[in-house]
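Inside the fold
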Amino acid sequence: MGERKIRGEAMQVRTPGGVIEVRWDERGKATAMGQLAFFAEYLEATGLFEGWLRSCPLKYSSPNAPKLVDVLGTWMLSILEGIAATRTWARCAATGWPRTSWA
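Residues numbered from 1 in each chain as written. Predicted model: local features only at pLDDT ≥ 70, side-chain atom pairs only at ≥ 80, totals over all residues. Heavy atoms only, no water.

Details of the overall build of the chain
Secondary structure assignment for the chain yields three helices and two strands. In the chain, the order of α-helices and β-strands from amino to carboxyl end is β-β-α-α-α. Out of the 103 residues in the chain, the part that is buried amounts to 15%. Considering only contacts in the chain between residues 6 or more positions apart, those separated by 24 or more positions represent 39%. Counting every atom, the chain has about 8,600 Å² of accessible surface; 58% of that belongs to carbon and sulfur. (Helix = DSSP H or I, 4+ residues; strand = E, 2+ residues; numbered from the N terminus. Buried < 20%, exposed > 50% of the residue type's maximum accessible area, 1.4 Å probe, protein only. Contact = heavy atoms within 4.5 Å. Areas by Shrake-Rupley, 256 points an atom, 1.4 Å probe, with all protein chains shown as cover.)

Let's talk about the pairing of strand S2 (residues 18-22)
Relative to S2, strand S1 (residues 11-15) is paired through five bridges, and the arrangement is antiparallel. Residue pairing for S2: Val-13 is matched across the bridge by Ile-20. (Pairing = 2+ DSSP bridges.)

Remarks on the side chain of Thr-15
Counting through the fold element by element, Thr-15 comes out in strand S1. Exposure remark for Thr-15: the relative accessible area of 9% places this residue in the buried category. Polar contacts involving the side chain of Thr-15 include one to the main-chain carbonyl oxygen of Gly-18, which spans 2.6 Å. In this structure Thr-15 touches Ile-20, Ala-37, Ala-40, Glu-41 and Glu-44, once residues within four positions along its chain are discounted. (Polar contact = N/O pair within 3.5 Å; in protein donor to acceptor, adjacent residues only side chain to side chain.)

Observations concerning the pattern of salt bridges
In a structure, side chains of opposite charge can pair up when their charged atoms sit close to one another. According to the stated counting rule, one finds one salt bridge in the structure shown. Residue Glu-21 pairs with Arg-23 through a salt bridge whose shortest N-O separation is 3.8 Å. Arg-23 matches Glu-21 in its accessibility class, with the two residues each being exposed. (Salt bridge = Lys/Arg side-chain N within 4 Å of Asp/Glu carboxyl O.)

A closer look at the environment of Phe-49
Mapped onto the fold, Phe-49 is located in helix H2 (residues 48-55). Residue class for Phe-49 comes out buried when judged on its relative accessible area of 8%. C-alpha of Phe-49 to C-alpha of Met-76: the two residues are 27 residues apart in sequence and 9.9 Å apart in space. Ignoring sequence-local partners within four residues, the contact set of Phe-49 consists of Pro-16, Leu-43, Val-69, Leu-72, Gly-73 and Met-76.

Examining the confidence of the model for the chain
Considering every residue of the chain, the mean pLDDT works out to 77; 68% of them sit at 70 or more. Least confident of the elements in the chain is helix H3 (residues 68-95), whose mean pLDDT is 74; most confident is H2, at 92. (pLDDT = per-residue confidence, 0-100.)

Notes on the nonpolar core
Of all hydrophobic cores here, the largest spans six residues; its members are Leu-43, Phe-49, Leu-53, Cys-56, Leu-72 and Met-76. At the level of secondary structure, the elements contributing two or more residues to this core comprise H2 and H3. Every residue in contact with Cys-56, bar those within four places of it in the chain, is listed here: Leu-68 and Leu-72. (Core = buried A, V, L, I, M, F, W, Y, C linked by side-chain atoms within 4.5 Å.)

Encoded structure:
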């Protein structure tokens, strides 16, 4: 991790899922996943995600069971998405959109 402001070129970010490339879109107003790649890089650099995997008490014995890393990764993403959705809902509720009638 470090200060990187590269415009127009791909930036490599090391995450628990492997290395991914991030490109800045100067014309883009927002992105679907925001700064998620950099949060994943933080989890990788600090070892927090790896520590969470090691300390997790979940054990699957079925041959069809998903990998623990997939279960915990999906769970974390769903929590982050829920937080984003809640913030969006709160912003919409504050502006009165969408208008609904409870009567």
